[in-house]
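The lines below spell out each chain.
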Amino acid sequence: MSAAVSVTPSSWAKFPFSHPCSFQKIMVMLDTSTILDCRVVCTDWRDWFTASKTVWSSVSSRMVARVLRRRMRTELEQVWDIRLDLLLEMVDECWTEEQEMTMAIRIERATKQSIWCEFDDTLKVISQLHQAFYRGLMASPCVGPVCIFLRSKVAHPSVLKVMGETLARHLNCVIIDERDKEAGVVRQCLLRAMISCQQAPRWVFKDMDLGWLGEEEEENVQQHQPEPEDCNENQISDEPEKLTPSKISFSYILSSIFKLVSGLFSPLTLWRMLTTSQSEVVPVTTILEGDEEEEEEEKSSLYSTAPPPAHDLFPTVLELLDCDSPWLKNMLIKKAGIDKILVVPKFEEVTKHLEDLGAEFTVAGLDMSGTVCQLDCGALAREEGAVVGYID
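Remember, it's a predicted structure, so these values are computed and weren't measured experimentally.

A. Summary view of the overall build of the chain. Of regular secondary structure, the chain possesses 17 helices and 9 strands. Going through the 392 residues of the chain one by one, you find that 35% of them count as buried. The long-range fraction of contacts in the chain, counting pairs at least 24 apart against all pairs at least 6 apart in sequence, stands at 67%. As presented, the chain carries roughly 25500 Å² of accessible surface, and 56% of it is formed by carbon and sulfur atoms.

B. Broad picture of the packing of helix 7 (residues 77–93) against helix 9 (residues 120–134). Closest axis-to-axis distance for the helix 7/helix 9 pair is 11 Å, and the angle between their directions is 60 degrees. It follows from the interaxial angle that helix 7 and helix 9 lie oblique. Of the two elements, helix 7 crosses helix 9, and the hand of that crossing is left-handed. Contact residues: Gln78, Val79 and Ile82 in helix 7; Leu123, Ile126 and Ser127 in helix 9. Residues that form the contact of helix 7 with helix 9 fall into these classes: 4 nonpolar, 2 polar and no charged.

C. Structural view of the sheet that holds strand 6 (residues 362–366). A sheet is described by the order of its strands in space; here 3 strands give the open sequence 5-6-7, paired in mixed fashion. Across the chains shown, the open sheet's two edge strands, defined by having one partner strand only, are strand 5 (341–346) and strand 7 (372–376). Recorded for the sheet is a direction-independent mean angle of 20 degrees between the axes of neighbouring strands. Across 5 bridges, strand 6 lies against strand 7 in antiparallel orientation. Bridge pairing in strand 7 links Gly365 to Cys373.

D. Quick look at the nonpolar core. Judged by nonpolar contacts, the single largest core of 79 residues is most densely connected at Phe49, Trp56, Val59, Leu129, Ile175, Trp212 and Leu328. Core analysis: the next-biggest nonpolar cluster, separate from the first, contains 12 residues, Val344, Phe347, Leu357 and Cys373 among them.

E. A look at the layout of surface pockets. The calculated volume of the second largest pocket comes to roughly 380 Å³. Forming the walls of the second largest pocket are 21 residues, and the residues nearest its centre are Asp85, Glu89, His130, Pro141 and Cys142. Breaking the lining of the second largest pocket down by element, the ones donating at least two residues are helix 7 and helix 9. Counting residues per element, the lining of the second largest pocket draws most heavily on helix 7, at 7 residues. Of the residues that constitute the lining of the second largest pocket, the class distribution is 10 nonpolar, 7 polar and 4 charged.

F. Molecular detail of the packing of helix 4 (residues 32–39) against helix 8 (residues 97–112). Here helix 4 crosses helix 8 at 135 degrees, and the two axes come no closer than 10 Å. Here helix 8 runs oblique to helix 4, going by the angle between their axes. In this structure, helix 4 uses Thr32, Ser33 and Leu36 to contact helix 8, whose residues at the interface are Met101, Ala104, Ile105 and Glu108. Of the residues assigned to the contact of helix 4 with helix 8, the class counts are 4 nonpolar, 2 polar and 1 charged.

G. Representation of helix 3 (residues 20–28) within the structure. The complete set of buried residues in helix 3 reads Phe23, Gln24, Met27 and Val28. The arc enclosing the buried residues of helix 3, seen along the axis, measures out at 140 degrees, which places them on a common side. Turned more than 90 degrees away from the buried face of helix 3 sit Cys21 and Lys25, all of them exposed.

H. The arrangement of unusual backbone geometry in detail. Cis geometry marks the peptide bond from Gly144 to Pro145, where omega comes out at -5 degrees. With respect to the secondary-structure elements, Pro145 resides in the loop between helix 9 and strand 1 (150–152).

Cut-offs applied
- Residues numbered from 1 in each chain as written.
- Predicted model: local features only at pLDDT ≥ 70, side-chain atom pairs only at ≥ 80, totals over all residues.
- Heavy atoms only, no water.
- Helix = DSSP H or I, 4+ residues; strand = E, 2+ residues; numbered from the N terminus.
- Buried < 20%, exposed > 50% of the residue type's maximum accessible area, 1.4 Å probe, protein only.
- Contact = heavy atoms within 4.5 Å.
- Areas by Shrake-Rupley, 256 points an atom, 1.4 Å probe, with all protein chains shown as cover.
- Axes fitted to C-alpha atoms, helices over the stretch in contact; angles between N-to-C directions.
- Parallel < 35°, antiparallel > 145°, perpendicular 65-115°, else oblique.
- Left-handed = near helix turned anticlockwise from the far one by under 90°.
- Nonpolar A, V, L, I, M, F, W, Y, C, P; charged D, E, K, R; others polar.
- Pairing = 2+ DSSP bridges.
- Core = buried A, V, L, I, M, F, W, Y, C linked by side-chain atoms within 4.5 Å.
- 1 Å grid on protein atoms, 1.4 Å probe; cavity = no way out; pocket = protein on both sides within 12 Å on 5 of 7 lines; lining within 4 Å.
- Points joined across faces, edges and corners; volume = space filled by probe spheres on them.
- Arc of directions from axis to C-beta.

Following this line, the structure appears as structure tokens:
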């Protein structure tokens, strides 16, 4: 009789490192939420995910294969193709494991979300511009409308109405390459939109060579670049060079040796050498430095948590919005200020928290009649114990 093989908990904990190929194949077959749950099983599994550099690229490739097999009704094929084209372009731009993880989650989310048709006239214009691109009349295909790439994280009707009213001016935007500004077919579409009595799309011009992830990376690089005023290492000074202790000289060498010897044979140093062994507890400063290093590694990890909310009581439109592209998110921040608009479904609750609202915020919510109202907190005036403001 053959003895049964016992599997101890420790063997399961070491499974990712003892059988890395098998473990990664299992991970690739799971959905993204389950993969993230596997990371928190134990510290060994977490360490494997931290050390792995290929798991999310494999997951992203499988998600792309799955999304290509999705079938849509005929009237929704154009909308789905527009969204799918943008997602595939962003996949080609990924070059880090963090970007691969983000794209895998976005693509999987897109396969589960519903698709609807909106702005039919804009879709006809986009179809004409795509045909012009295929004929070689444009440098790059246009992208839009923007509403195709936006979703709300909250399905509450009041929140959806407030967000819809806030982003109404930008949902019908069409993004065109800057090189196609003077293209004849683009100019014709602009003239038709001006004389049309129907709702015309808004035109946004973008440098398509930067991609849909390049805008965010470029901003991060610019934030880390030092200012020109601080970069004086290549400038030639007109002042005469002063003698400093950093210069190699005979007196400097003697002083250095004297300091070294006096430091080694000081009474405090000798007492520490006699009373302290190497097996003693690590100094508190070393422990603090180690904790700081772990915190820095956690912040720089691709599994770091989301930043804290902009406001303690109410979420912003940006925090409630799920956007496919970082470039589109940055565009809405610049043009609509969605990072400073607080969503309050019941607008009358704002009066209870006026003291907690900063001047940089704008509050948007529904009044008793269901109308969307906005309040500019920067225009509030405090007079004789009362707060006075204008509600739009």
